[in-house]
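# Summary of the model geometry
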Amino acid sequence: MTKHLFNYCAIDWYENELKENNLDLHEMVKEMGVDGIEQFIYSMDPVSNKYKDITVGVHLNYWPYWMDFWLKKAKRLKQQFRNIRERNKYFKDAMSCDEWLSVIRRNIGAALAQSPEYLVWHVAEANNEEAFTFEFNYSDREVLTAAADVFNAVCDEIPAHVPVLFENLWWPGLRLTDVRNVKYFFERLQHKNVGIMLDTGHLMSTNVRLKNEAEGAEYVLKVYEKLGECKALVRGVHMSCSLSGAYQRSLSHQVPEKLDMETIWKHIGNIDQHKPFTTEAAKRILETIQPEYVVHEVGYDSMKDLCEQLPIQLKACK
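In this report, we go over the structure that sits alongside the text. Computed from a predicted structure; not experimentally measured.

Another aspect to go through is the overall build of the chain. Of regular secondary structure, the chain possesses 15 helices and eight strands. Relative to the compact-globule value of 20 Å for 318 residues, the chain shows a C-alpha radius of gyration of 19 Å, a close match. Each principal axis of the C-alpha atoms in the chain carries an extent, and together these give about 50 × 45 × 40 Å. The proportion of buried residues among the 318 residues of the chain is 53%. Long-range contacts, defined as pairs at least 24 residues apart, comprise 79% of the intrachain contacts of the chain with a sequence gap of at least 6.

Here's what the structure looks like:
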């Protein structure tokens, strides 16, 4: 039986809105007709347990840019951060690889305190400039090799019964578009209870020719079928629609003059749109894959947005 969830992060923005509007997340789960939430936990320290009983999965913290730090590329690190304080803040005060592994362990501990059925781990690498130029310093294989090494260094923190589902992105790493890379990555992992969290929006973002939801679903399922025996690794789906081909084709692939976080997040949001599916294309994807978990990862700036967007996709999945 597939469990349907939606993503939630207990940041002050959402928590205050719930309180101000006399809303209860537990009641929202019931009213939406879903089985719970996938909680984003980016903290290194334990968080409140008030959503523990509806937390089915936990999404771990994610660093989009980390390879230079892991590989001790000091010159490249200096080019990315204005000073050591900025770098330390980004890596949660970690001054070395060993300290960074300790940070990851603490994050895993905070996630496990919610007693989740699974954990989600991103596998990708891109710095701020590369996100615009698409001229990446590292190949898929290099990212997959390093990501496996990082995971293997901390996986003893994860109980054997808790699966770790690795999520695909459109940047170098686990894109899912080459089954040889998928096999390469999973063969290197030492924690055997592992799988794939297939993100439909991220996968659709690897194809700039998609024009509608039907083509998007066809592409997702084509990539899925090409996984062959690795299809069995797909245990969850992050469900959202991203038809960003027109935007991606319009890019000059130049670094903008003002490279601040607002510009970066707007750019990423234009690629990874997190829109709800509105047609039976969603149902086609789920009927073929039949995942254990479906996380309706629709984008929302407010709980009102969530209440409007989520039912649209839930209806499309039926």
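On we go.
Using the criterion set out here, one finds 17 salt bridges in the structure. Between E130 and R76 there is a salt bridge, with its nearest N and O atoms 3.7 Å apart. Taken together, the positions of E130 in helix α7 (residues 130-133) and R76 in helix α4 (residues 74-80) put the pair 54 residues apart, joining distant regions of the chain. What makes R76 partly exposed here is its relative accessible area of 23%. For E308, the salt bridge goes to K304, with nearest N and O atoms at 2.7 Å. Taken together, the positions of E308 and K304, both in helix α15 (residues 303-317) and four residues apart, correspond to about one turn of that helix. Given the relative accessible area of 55%, K304 is considered exposed. Connected through shared salt-bridge partners, D68, R76 and E130 make up one network.

This part takes up the packing of helix α8 (residues 140-154) against helix α9 (residues 179-187). Between α8 and α9, whose axes approach to 9 Å, the crossing angle comes to 20°. With respect to α9, the element α8 is oriented roughly parallel. Once α8 is placed against α9, the crossing between them reads as right-handed. From α8, D140, R141, L144, T145, A147 and A148 reach across to α9, where they touch R180, N181, Y184 and F185. When the residues that make up the contact of α8 with α9 are grouped by side-chain class, the tally is five nonpolar, two polar and three charged.

In this structure, the second largest pocket spans a volume of roughly 210 Å³. The element best represented in the lining of the second largest pocket is helix α11 (residues 213-226), accounting for six residues. Of the residues that constitute the lining of the second largest pocket, the class distribution is six nonpolar, two polar and six charged.

A few words now on the nonpolar core. Core analysis: the biggest nonpolar cluster contains 73 residues, and W66, W100, W121, F166 and F185 have the highest contact counts within it. Non-local contacts of W66, meaning those with residues more than four positions away in its chain, are made with F91, W100, A124, E125, V143, A146, A147 and V150.

Counted under the stated rule, the structure contains 23 aromatic pairs. Between F81 and F91, the ring centres sit 6.2 Å apart and the planes meet at 65°, which makes this aromatic pair edge-to-face. With F81 in the loop between α4 and α5 (84-90) and F91 in the loop between α5 and α6 (97-112), this residue pair connects regions lying ten residues apart in the sequence. Exposure remark for F81: the relative accessible area of 12% places this residue in the buried category. For F91, a relative accessible area of 0% translates into the label buried. Note on F134 and F136: the rings are 5.7 Å apart at their centroids and 40° apart in plane angle, and the pair reads as tilted. Exposure remark for F134: the relative accessible area of 27% places this residue in the partly exposed category.

What follows concerns the environment of D149. Relative to the helices and strands, D149 resides in helix α8. When the C-alpha atoms of D149 and W70 are compared, they prove to be 9.8 Å apart, with 79 residues separating the residues in sequence. For D149, the contacting residues outside a window of four places in its chain are W70 and R188.

The subject of this paragraph is empty space enclosed by the protein. Applying the stated criterion across every chain yields a total of two cavities of 30 Å³ or more. Estimated volume of the largest cavity: approximately 210 Å³. In this structure, the largest cavity is lined by 15 residues; those nearest its centre are N61, W63, W100, W121 and H122. Taken together, the elements giving at least two residues each to the lining of the largest cavity come down to α6, β4 (118-122) and α8. When residues in the lining of the largest cavity are grouped by element, the largest group, four residues, is from α6.

For strand β2 (residues 36-40), the buried fraction is high: five of the five residues fall into the buried class. In terms of strand pairing, strand β1 (residues 3-8) meets β2 through four bridges, oriented parallel. Paired with Y8 across the bridge in β2 is Q39. As paired elements, β2 and strand β3 (residues 55-59) share four bridges and run parallel to each other. Its bridge partner lying in β3, Q39 is registered against V58.

The rules behind the values
- Residues numbered from 1 in each chain as written.
- Predicted model: local features only at pLDDT ≥ 70, side-chain atom pairs only at ≥ 80, totals over all residues.
- Heavy atoms only, no water.
- Helix = DSSP H or I, 4+ residues; strand = E, 2+ residues; numbered from the N terminus.
- Rg over C-alpha atoms; globule rule 2.2 N^0.38 Å.
- Buried < 20%, exposed > 50% of the residue type's maximum accessible area, 1.4 Å probe, protein only.
- Contact = heavy atoms within 4.5 Å.
- Salt bridge = Lys/Arg side-chain N within 4 Å of Asp/Glu carboxyl O.
- Axes fitted to C-alpha atoms, helices over the stretch in contact; angles between N-to-C directions.
- Parallel < 35°, antiparallel > 145°, perpendicular 65-115°, else oblique.
- Left-handed = near helix turned anticlockwise from the far one by under 90°.
- Nonpolar A, V, L, I, M, F, W, Y, C, P; charged D, E, K, R; others polar.
- 1 Å grid on protein atoms, 1.4 Å probe; cavity = no way out; pocket = protein on both sides within 12 Å on 5 of 7 lines; lining within 4 Å.
- Points joined across faces, edges and corners; volume = space filled by probe spheres on them.
- Core = buried A, V, L, I, M, F, W, Y, C linked by side-chain atoms within 4.5 Å.
- Phe/Tyr/Trp six-rings, centres within 6.5 Å; stacked < 30°, edge-to-face > 60°.
- Pairing = 2+ DSSP bridges.

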